[in-house]
Structure formats: C-alpha cells, structure tokens
Amino acid sequence: MSHFEWAAIGLILFGMVLPFWTLTVIALRRASKEPRRGEVPASERVLRYNAIMDYLHRACRKGPAEGQSGASFIAAVRELRNYPEHRDLTVLFLEEINVSGTGKFNELAKREIRAAEEYLLALKEDA
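Keep in mind that this is a model prediction, so the values were computed, not measured.

Peer 1: When you look at helix H2 (residues 42-61) in this model, what are you seeing that I'm missing?
Peer 2: One turn of an α-helix holds 3.6 residues; hence residues three or four places apart share an orientation. Here H2 contains 20 residues, and its C-alpha end-to-end distance of 29 Å stays within 8% of the 28 Å for a straight helix at 1.5 Å per residue. Residues of H2 that are buried make contact with helix H3 (70-79) and helix H4 (87-96).

Right, dumping it as structure tokens:
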C-alpha cells in the first residue's frame, strides 16, 4: 500500500468513524441519565403530591358556605391513586375525611374516597 492509501484509511478512520462512535456513546450515556418522556423526577412527584394533599386539607377545613368545588375535590382524590409510593399516608388521610350531605357531589365524593382507599389498600396487599 502506498502512503496515499494509508493516509486515506487514517483520515477515514480517525476523521469519520471514531468521532461518530464517540458521539454515539456520549449521546447514549446522556440519554440514559435523563428521565424518559412522560416521566417525572422523584423530587417533582413529591412536590405534586404535597400540592394535592394541601388542596385536600384546605378543602376539608373550609365550611360548606365558602363555596368549595366538589368536582375539584373529587379530581384531587382520584389523582391520589397516581402516587402509590405514599399509600400509607394517603389511606390514613382519606379515612379521616368525613363527607356529610346528600348532594350529587357529596355522594360521588364518598364513593371516590372509598374507591381510592380500596385501590391503595389492594396495592399494598399485592406488594
């Protein structure tokens, strides 16, 4: 092989192949460290859970005359199912909620609280 052929092979190898694989390995390592699309980091999940619990706590402390939204309350109870890592605390909190009244949102809230408790307790038994 002539010097020109060795130089061409060297340019191809060091100029194109090695940088390509180096960048590929770097990109794969960086992608494995970042959360996947749709995943939320654990620290943000804790903040979201705390926000839901704060909302429920404030909603339970308000009187019926203060105009709390029944639909928002029910949605917050349903959202608690997405946080099974806090199931013990959630079940204890839900057991303490006492919904009184006979309106449609009151009945729906009672059923939703009971369903959320059953769901979280079933998760604990399976684990």
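Peer 1: Would you mind going over the nonpolar core with me for this structure?
Peer 2: In globular proteins that are soluble, nonpolar side chains generally tend to be buried together. Counting residues in each nonpolar core, the largest one holds 18 residues, and the members touching the most others are Leu56, Phe73, Val77, Leu80, Leu94, Ile97 and Ile113. Elements supplying a minimum of two residues to this core: H2, H3, H4 and helix H5 (104-126). Tallying contributions element by element places H2 first for this core, with 5 residues. With sequence-adjacent residues up to four places away left out, Ile113 is seen in contact with Phe73, Val77, Leu94, Ile97 and Val99.

Peer 1: Help me understand the packing of H2 against H4, please; the structure alone is not making it clear to me.
Peer 2: Between two packed helices, the angle of one axis relative to the other and the distance separating the axes together describe the packing. One way to put it is that H2 packs onto H4 with a least axis distance of 12 Å and a crossing angle of 10 degrees. When the axis of H2 is compared with that of H4, the two are roughly parallel. Every residue of H4 that contacts H2 at Tyr49, Met53, Leu56 and His57 is listed here: Leu89, Thr90 and Phe93.

Peer 1: Would you take a moment to explain the pattern of salt bridges for this structure?
Peer 2: Pairing between side chains becomes possible if they bear opposite charge and their charged atoms approach one another. Scanning the model with the defined rule gives 5 salt bridges in all. Between Arg78 and Glu112 there is a salt bridge, and its shortest N-O distance comes to 3.0 Å. Of this pair, Arg78 sits in helix H3 while Glu112 sits in helix H5, and the two are 34 residues apart along the sequence. Where Lys110 meets Glu107, a salt bridge forms, and the shortest distance between an N and an O atom there is 3.5 Å. Of the two residues, Lys110 and Glu107 both sit in helix H5, 3 residues apart, roughly one turn of that helix. A relative accessible area of 27% means that Lys110 is categorised as partly exposed. Overall, the relative accessible area of 33% leaves Glu107 in the partly exposed class.

Peer 1: Looking at this structure, I do not really get the packing of H2 against H3. What am I missing?
Peer 2: Between H2 and H3, the shortest axis-to-axis distance is 10 Å and the interhelical angle comes to 140 degrees. It follows from the interaxial angle that H2 and H3 lie oblique. Along this stretch, H2 crosses H3, giving a crossing that reads as left-handed. Of H3, the residues touching H2 (which contributes Ile52, Tyr55, Leu56, Ala59 and Cys60) are Ser72, Phe73, Ala76, Val77 and Glu79. Grouping the constituent residues of the contact of H2 with H3 by class yields 8 nonpolar, 1 polar and 1 charged.

Cut-offs and rules
Residues numbered from 1 in each chain as written. Predicted model: local features only at pLDDT ≥ 70, side-chain atom pairs only at ≥ 80, totals over all residues. Heavy atoms only, no water. Helix = DSSP H or I, 4+ residues; strand = E, 2+ residues; numbered from the N terminus. Expected span 1.5 Å × (residues − 1). Contact = heavy atoms within 4.5 Å. Core = buried A, V, L, I, M, F, W, Y, C linked by side-chain atoms within 4.5 Å. Buried < 20%, exposed > 50% of the residue type's maximum accessible area, 1.4 Å probe, protein only. Axes fitted to C-alpha atoms, helices over the stretch in contact; angles between N-to-C directions. Parallel < 35°, antiparallel > 145°, perpendicular 65-115°, else oblique. Salt bridge = Lys/Arg side-chain N within 4 Å of Asp/Glu carboxyl O. Left-handed = near helix turned anticlockwise from the far one by under 90°. Nonpolar A, V, L, I, M, F, W, Y, C, P; charged D, E, K, R; others polar.

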